[in-house]
Structure formats: structure tokens, C-alpha cells
Amino acid sequence: MGPDRAPPLLVVGYEHVAVTDRARRGGPMAAISTFFYRHPWAKLAALLLPAVLWLIVLYLGSIGGLLIYSFWSLAEFTGLIDRTLTLSTYQSLLEPANSDIVLRTLAMAAAVTIACSILAFPLAYYMARYATRRGRFVLYLAVLMPLWSSYLVRALAWRQILAREGVLYWALGKVGLDGVIDTLITAPVVGGASLIASKISLFIVFTYLWLPFMILPVEAALERVPGSFLEASSDLGARPWLTFRRIVLPLAKPGLIAGSIFTFSLTLGDFILPTMFGSSEFYLGQQVFTQIGVVGNTPLAAAFTFVAMAIMIVYLSIARRAGAFESL
Amino acid sequence: MSDAAVATRGTATGESGVAVRLDGVVKRFGDVVAVDGVDIEVREGEFFSMLGPSGSGKTTCLRMIAGFERPTAGRVILGGVDVGDMPPYERDVNTVFQDYALFPHMTVAENVGYGLMVRKAPKDERAARAEEALEMVRLTGFGTRKPAQLSGGQRQRVALARALVMRPRVLLLDEPLGALDLKLRQAMQVELKEIQQAVGLTFIYVTHDQEEALTMSDRLAVFNHGRVEQVGSPAEVYERPDTGFVAGFVGVSNVLEGDAAAAIVGSPRPVTIRPEKIHLALDVNSAVADGECTATGVVTKVVYLGAVTRYVVTLDEGGELVVMQQNLRTSSMEALQVQGRRVRLTWERQHSRKVEPGDGPGGAPAEGTMGSADPGEVGA
């Protein structure tokens with residue numbers, strides 16, 4: 001240490017004097033910050049307490065309340081809630097009318113998730129690997145912009161597109177392909193009286209709505225894969241498809257899983273779209289909404305909610321076992 | 001050792017003894033010319049370095065040999081075959097990347113065995129060869145770890161093992177020691193050279209570190225502005241630089257030109273003299289032997305470096321010379337007292353080398369002077 005520097009002890013002593021001086025002058029605010037400086041645990045508690053309280057009391061509390069409800073039942077004649085603990089509500093989930101809803105919703109959520117990942121991947125790959133800074137910004141904006149407008153407006157717009165008098169029929173009619181839709185909607189399970197009344201339209205609109213939630217996490221995951229990984233793989237003899245399977249896909253997995261959590265759970269919980277598209281068949285979210293709001297069978301609604309949560313927990317544990325979070 | 005002249009046209013199967021040949025290779029990225037007509041011939045089994053400052057085109061040349069870039073013009077010939085249109089996964093070369101590019105989701109053994117897995121080698125053969133390669137880079141027993149659990153030097157060695165295990169015709173190394181600290185880098189230099197000699201593979205090594213290139217290479221090419229300024233053995237390039245750029249980039253060098261050069265060596269053409277070749281005498285009237293060049297001047301700066309002292313001498317004839325003297329008998333105090341004194345400098349004529357003027361686009365094409373039989377000593 002050069003002779004031009006003051007010995008360290010003196011410096012500390014000087015600063016100490018300055019801090020206490022300022023604390024005396026600064027009044028209560030300074031006293032508070034000094035207190036937090038001396039008791040770091042108090043600072044931590046003050047920062048975390050509001051969020052923890054919110055989470056425990058309001059969020060976990062209401063889930064706990066729901067859990068209790070799901071073990072109660074609705075008395076058949078009075079329509080009142082019988083507050084004795086029973087598994088009868090869960091048992092009623094096994095009735096075909098209810099289990100069909102669960103399976104139908106599951107199938108829809110799975111189809112939407114798969115479609116979203118297939119549509120999202122190339123775009124996310126392009127954004128992460130090839131787009132210029134400016135191009136990426138424009139694409140980000142394009143992906144996010146639909147989220148700025150109301151979900152209901154966008155759903156209604158899709159009704160205009162898919163209606164018999166709508167843009168799609170008109171455009172296909174111009175090229176003489178309107179027959180395609182009519183053939184499509186006669187298909188056994190996914191078909192319906194019209195395009196709007198078929199599961200196809202519900203699937204299309206779900207996929208459209210949740211696509212951004214898949215693109216963004218996949219893009220973020222791909223951005224963390226350096227180009228040299230792809231070069232190294234091809235340098236070691238792997239053709240592009242093998243490089244994709246062995247390198248790109250495994251490293252994009254956390255992003256795909258994160259995106260699929262969004263698309264899957266959003267589809268599971270949605271209760272508006274099934275009233276606007278598709279046939280009169282119920283979906284899970286819609287069933288919860290109806291049981292609480294219309295029928296007043298809160299125990300059944302609660303049981304359905306826990307089915308959705310159980311599905312997500314099972315899904316995540318499978319993903320975990322498959323090693324999806326290892327490269328996080 | 002003019003490469004073009006020595007090259008014997010091989011049979012249809014290829015030229016014997018030549019691993020890689022770059023033939024008038026040009027690479028443009030938009031308006032930028034990264035590689036501007038490079039001719040290089042790398043022989044089988046040699047440790048060949050491509051040395052140059054960043055942006056001189058050396059890495060782009062390496063990437064064209066690997067197949068990551070396609071040449072705009074010219075030919076890349078690997079073992080006698082023009083590979084210009086061949087993708088990397090069909091070329092018999094492997095690369096050690098500057099950032100190592102180890103796959104983070106695989107273990108060390110899976111990384112090293114990746115190329116064999118791609119080739120569909122049986123599992124037990126894969127494991128055996130991966131273990132063998134890890135042994136070669138002294139990482140036995142590290143196979144089950146993930147790259148994230150290794151130090152920088154260990155990762156570097158895994159990257160090397162992953163390429164070596166493929167037993168390629170040519171191994172390409174892109175500044176593989178750049179991210180390591182000095183001590184580790186020097187240890188790895190020795191190790192790399194030993195491994196290269198043990199396996200007898202052709203190594204093409206890209207670096208901007210002249211010391212690294214000099215210590216490891218059998219031959220090296222000095223790059224500047226997308227061109228090769230000189231190709232030769234380390235001693236040739238160091239002792240007999242063809243251009244002012246090579247003289248300056250490979251080691252420290254003095255350049256004398258114009259009137260000073262005319263007065264001291266008898267020709268105004270630029271010459272270079274290595275600082276350690278110059279003798280500094282404190283007696284201005286000391287004798288000058290036959291065949292020696294001499295100049296007088298004033299010591300304007302003295303830097304004591306421990307083993308040696310560096311003196312900057314402003315010459316009476318104009319210009320400056322840097323002189324390195326071993327501290328055989330001088331102490332630091334004595335060395336520093338030389339500051340401001342008039343001195344006489346002498347050096348043997350053969351150590352002042354005529355070079356092509358300056359660097360830059362108008363600089364010397366490497367072909368003309370490269371490795372000519374007459375080293376072109378001034379007044380020799």
C-alpha cells in the first residue's frame with residue numbers, strides 16, 4: 001500500500017462518526033434505516049411479510065376452504081349443503097356425465113398444448129437464432145400485441161371469422177374449397193352442426209389465444225443455446241435432425257414445459273370459450289362455473305377444481321421424472 | 001520451402017503428405033472481406049498454427065476448413081478432395097471450440113462419446129474409447145460428472161478428448177487456451193504438444209498469442225487483414241520476418257526506414273532488427289567489428305524487467321531503437337543510471353532484415369517472398 005493512503009483504521013473511525021452524526025440529524029427515517037442496517041433479519045421480514053401473508057391467508061386459505069367444501073355434499077332434496085365429511089362428491093365425479101367432462105377437457109388441453117408447441121417452436125427458433133435485434137423486437141411486439149386487447153373481443157372476432165357468413169367460408173368459397181369445411185365438420189368426434197358448433201373451432205381459438213404463452217418461454221430457452229453447440233454437434237457428425245433431437249430439443253425442454261404449463265392449465269380452467277364455440281358439451285372450467293353460479297353445488301365445483309390441480313401435479317411430476325428441469 | 005513449388009500433384013486419391021490445402025480462398029460477409037485470397041498447405045502430422053490479430057481472418061479460415069462457413073471463392077481441399085460443398089458432418093475433421101461447447105445436459109462421458117454415438121458405435125466400444133480419450137487428457141474417472149462441475153482447464157480437456165476420440169484426419173483448435181489463466185495455459189501448451197506427438201494427428205491451431213504459436217508449432221502462418229503475410233517454421237518467422245507487420249507482431253521488433261536506414265545500413269528500404277540482437281556499449285568510441293552495423297544515440301528510457309533491461313535509444317541519425325540487454329552483470333540501479341547517456345549500438349549485419357514496407361491492403365502478398373531461399377539479409 002502506498003504512503004499516500006490513510007491507514008484503514010482511521011478511515012473506518014471517520015465513517016462511523018459520520019454515520020451516527022447523520023442519524024442524529026436525520027430524525028426518525030434515519031433511525032429506521034439504521035435499525036434495519038443493524039438487524040438484517042428484520043429487513044428480510046419486512047420485505048417478505050406482506051407477500052407471505054397474502055399467499056398464506058388469501059391464497060392457500062381459500063384453497064384450503066375449497067378442499068373442505070369438496071368433502072361436503074349437496075343434500076338432494078333441500079339443495080342445501082350438508083356439512084358432514086364424505087367422499088360422495090368425489091364419487092359423483094366417476095359418473096359418466098362428470099368423468100366425460102374431465103376426459104374431454106384433458107384431450108382438448110393436450111391437443112391445444114401440442115398444437116401450440118408445434119406452431120411456436122419454429123418462430124421461437126427463428127427469433128432466438130436468426131432474427132436481428134430489430135427483427136426480434138418487432139416479433140416480440142407481434143406476439144405480445146394480441147394480449148393487450150380483451151380476450152372477449154378476440155374470441156368474438158374469431159366467431160366472425162369462423163361463422164358460416166364469415167371470412168373463412170367466403171375466402172375458401174372464392175377458391176372453390178368451401179366443401180372442405182363441410183366435410184371436416186361431419187367427422188365423428190370433432191365435428192358438429194356447423195364449424196362454430198364443432199370442437200375444431202374451439203381448438204383453433206384456444207390455440208390462437210394461448211400461443212404467445214408458449215412462444216415466449218421457448219424463445220427464452222432457445223436463446224440460451226449458443227450456436228457453438230449446434231456447430232459442435234454437426235462437427236461430430238450429427239445431421240441436422242439428430243442435432244435437433246439430441247441438442248436443441250433437450251435444451252429447449254424447460255421452455256416447452258413452462259409454456260405447456262400455461263397452455264394446459266389455461267385450457268383446463270377456461271369457462272368462456274366453450275360457451276361461444278363448440279357444441280353444448282361441457283368443459284371443466286365451464287362446469288365449475290355452472291355448479292357454483294347456477295346450480296349452487298359448491299362441493300362438486302370444488303371437487304372439479306381439485307381434479308384440475310391433481311392433473312397439473314401429475315403432469316409436472318412426470319415432466320420432472322423425464323428430466324425436464326435438469327438443465328435449468 | 002516455397003509451398004507451391006514443393007507441392008507434388010498426387011494421384012486421383014489425393015496428394016500425399018498434404019492434409020489440408022487452401023487454394024485462393026476468399027470469404028466475404030456482405031461488404032466485409034474477412035479472408036482475401038489465402039493459400040496454405042498443411043502437411044500430414046504437423047502442428048500448424050494460424051497466428052494473427054483479431055479480425056485477421058484466421059478463425060474464418062479454420063471455420064471454412066471445418067465447414068461452418070462456405071468460401072466465397074477458392075477451394076478448400078481436405079486429403080485431396082474439394083470439400084467446398086460438403087457439410088461439417090461429412091468432413092473428417094473435428095474442432096475444439098473456443099468456448100468448449102460442451103453439451104450441458106450430458107455427462108462428460110456422454111459428451112466424449114457423442115460423436116461415436118452419432119456413428120452408431122456399439123455401447124461398450126463407445127464407453128471404452130471415451131474412457132481411453134479421457135485417460136489421454138488425464139481425466140480418468142470424471143466420466144459421470146456434468147460439465148458444470150468442472151473447472152475451466154478440465155472442460156478444455158474434455159473438449160479436446162471429445163474431438164480426439166473421433167481420430168479425425170485433422171484436428172482444428174480455435175484459441176482453445178484463450179479462457180485459461182497464464183500458468184494453466186502454459187501447462188496446457190506443453191500437454192497439447194505432447195498429445196499431438198503421441199497421436200500423430202495433424203493439428204491446426206488458431207491463436208493470437210505469438211508466444212503460444214512459437215512454442216507449439218512446427219510451422220505457422222501469420223495472418224493480417226485477411227491475408228497470409230508469411231508461412232514458415234517459428235525460427236524462420238521470428239528470425240527472418242518478411243514484412244514489417246510480421247516483425248512487429250511476432251515478438252517486438254524495431255523498424256528503421258528512410259534516411260536513418262540509408263545512413264546506418266546503406267539503403268532507404270525498411271529493415272527490422274530484434275531488440276535482443278543489438279549490443280549496447282556505454283563507450284561511444286568502442287570498436288566496431290567488420291560485418292557489424294552501428295549507430296549512436298541517447299538513452300531516453302530505461303525499463304528494468306528483472307532478467308533483462310529494455311532501453312529506448314533515440315538515434316543521432318533519426319528514429320528510435322529498442323534494445324534488450326540481459327542483466328548479466330548490471331544491477332537495477334546501474335541499469336537505471338544509463339538514462340540520458342550517449343551510447344553506441346552495434347549488431348551483426350545479418351540481423352537487420354529487409355522487409356516489405358508497412359502493413360495494410362497495399363502490403364506484400366505473401367506468395368512472393370514467402371520462404372524464398374535467399375533470406376534477403378542486408379549486405380550479407
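The structure we're discussing is the one just above.
Residues numbered from 1 in each chain as written. Chains lettered and ligands numbered in written order. Predicted model: local features only at pLDDT ≥ 70, side-chain atom pairs only at ≥ 80, totals over all residues. Heavy atoms only, no water.

*Asks:* It is not clear to me how the overall build of chain A should be interpreted in this structure. Could you clarify?
*Replies:* When helices and strands are tallied, chain A shows 15 helices and two strands. Compactness check: chain A gives a C-alpha radius of gyration of 28 Å against a globular reference of 20 Å for 328 residues, more than 25% above the reference. In chain A, the proportion of contacts linking residues at least 24 apart, taken out of those at least 6 apart, comes to 65%. Surface summary for chain A: the accessible area is close to 19,600 Å², and the carbon and sulfur share equals 71%. Across chain A, the 24 positively charged side chains and the 17 negatively charged ones have centroids separated by 9 Å. (Helix = DSSP H or I, 4+ residues; strand = E, 2+ residues; numbered from the N terminus. Rg over C-alpha atoms; globule rule 2.2 N^0.38 Å. Contact = heavy atoms within 4.5 Å. Areas by Shrake-Rupley, 256 points an atom, 1.4 Å probe, with all protein chains shown as cover. Lys, Arg positive; Asp, Glu negative; His and termini not counted. Charge placed at Lys NZ, Arg CZ, Asp CG, Glu CD.)

*Asks:* Would you mind showing me how to read the pairing of strand E9 (residues 219-224) of chain B here?
*Replies:* A regular strand places its side chains on the two faces of the sheet in alternate fashion. Residue and element names in this part refer to chain B. For E9, the buried fraction is high: six of the six residues fall into the buried class. When strand E3 (residues 47-51) meets E9, the two strands line up parallel, connected through four bridges. Paired with Ser-49 across the bridge in E9 is Leu-220. Bridge analysis of E9 against strand E10 (residues 227-232) gives five bridges, and the strand direction is antiparallel. Paired with Asn-224 across the strands is Arg-227, a residue of E10. Following E9, the chain reverses through two residues before pairing antiparallel with E10; His-225 in that reversal takes a positive phi of roughly 50°. (Buried < 20%, exposed > 50% of the residue type's maximum accessible area, 1.4 Å probe, protein only. Pairing = 2+ DSSP bridges.)

*Asks:* Would you explain the interface of chain A and chain B in this entry?
*Replies:* Accessible area lost upon the coming together of the parts serves often as the stated size of an interface. Chain A puts 19 residues into the contact, and the matching count from chain B is 24 residues. For the pair chain A and chain B, the summed buried surface comes to about 1,900 Å²; carbon and sulfur atoms form 63% of the total. Three residues stand out in chain A for area buried against chain B, namely Glu-231, Asp-235 and Leu-236 of chain A, and they jointly supply 36% of the buried area on that side. Taken together, the links from chain A to chain B amount to two salt bridges. Put simply, Glu-90 of chain B and Arg-239 of chain A hold a salt bridge, and the shortest N to O gap is 3.4 Å. Residue assignment for the side of chain A that touches chain B shows that the elements contributing at least two residues are helix H11 (227-235) and helix H12 (240-269) of chain A. Considered class by class, the residues forming the side of chain A that touches chain B number nine nonpolar, five polar and five charged. (Buried area = accessible area lost by both parts, 1.4 Å probe. Salt bridge = Lys/Arg side-chain N within 4 Å of Asp/Glu carboxyl O. Nonpolar A, V, L, I, M, F, W, Y, C, P; charged D, E, K, R; others polar.)

*Asks:* I would appreciate a short explanation of the packing of aromatic side chains in the present structure.
*Replies:* All names here are of chain A. Enumeration over the complete set of coordinates arrives at 21 aromatic pairs over all chains. Considering the side-chain rings of Tyr-126 and Tyr-130, the 6.3 Å spacing of their centres and the 35° angle between planes classify their relative orientation as tilted. Assessed through its relative accessible area of 41%, Tyr-126 is described here as partly exposed. Judged by its relative accessible area of 56%, Tyr-130 falls in the exposed class. Taken together, a centroid distance of 5.4 Å and an interplanar angle of 55° make the contact between Trp-158 and Tyr-208 tilted. With Trp-158 in helix H7 (residues 151-162) and Tyr-208 in helix H10 (residues 199-223), this pair connects stretches of sequence that are 50 residues apart. The class for Trp-158 is buried, based on a relative accessible area of 18%. The class for Tyr-208 is partly exposed, based on a relative accessible area of 28%. Taken together, Phe-121, Tyr-125, Tyr-126, Tyr-130, Trp-241 and Phe-244 form an aromatic cluster joined through their ring pairs. (Phe/Tyr/Trp six-rings, centres within 6.5 Å; stacked < 30°, edge-to-face > 60°.)

*Asks:* Teacher, can you tell me more about the pattern of salt bridges here?
*Replies:* Residues and elements named next belong to chain B. Per the counting criterion, the structure on display carries 23 salt bridges over all chains. The residue Glu-41 makes a salt bridge to Arg-21 at a minimum N-O spacing of 2.9 Å. Here Glu-41, found in strand E2 (residues 32-43), pairs with Arg-21, found in strand E1 (residues 18-29); they are 20 residues apart in sequence, far enough to count as distant. Residues Glu-41 and Arg-21 agree in their burial class; the two are buried. For Asp-242, the salt bridge goes to Arg-353, with nearest N and O atoms at 3.4 Å. Linking Asp-242 in the loop between helix H9 (234-239) and helix H10 (244-249) with Arg-353 in strand E18 (residues 353-354), this pair joins segments that are 111 residues apart in sequence. Of the two residues, Asp-242 and Arg-353, both sit in the buried class.

*Asks:* Can you help me understand the sheet that holds strand E11 (residues 254-256) of chain B in this one?
*Replies:* Two pairing modes exist for strands in a sheet, parallel and antiparallel, and in both the strands are linked by backbone hydrogen bonds. All names here are of chain B. If you walk across this open sheet you meet the three strands as E11-E12-E18, and the pairing is antiparallel. Single-partner strands in this sheet number two, and they are E11 and E18. By the bridge criterion, three bridges tie E11 to strand E12 (residues 271-273) in an arrangement that is antiparallel. Bridged to Asn-254 within E12 is Ile-273.

*Asks:* Before we go on, may I ask you to explain the environment of Thr-294 of chain B in this structure?
*Replies:* All names here are of chain B. Summarising the element assignment, Thr-294 is placed in strand E14 (residues 292-304). In the structure, Thr-294 is positioned 14 residues away from Leu-280 in sequence and 10.0 Å away in space, judged by C-alpha atoms. Not counting chain neighbours up to four residues away, the residues in contact with Thr-294 comprise Ile-264, Val-288, Arg-344, Leu-345 and Thr-346. Of the polar contacts made by the side chain of Thr-294, one reaches the side chain of Arg-344; its length is 2.8 Å. Looking at Thr-294, its side chain comes within polar contact range of the main-chain oxygen of Leu-345, at 2.9 Å. (Polar contact = N/O pair within 3.5 Å; in protein donor to acceptor, adjacent residues only side chain to side chain.)

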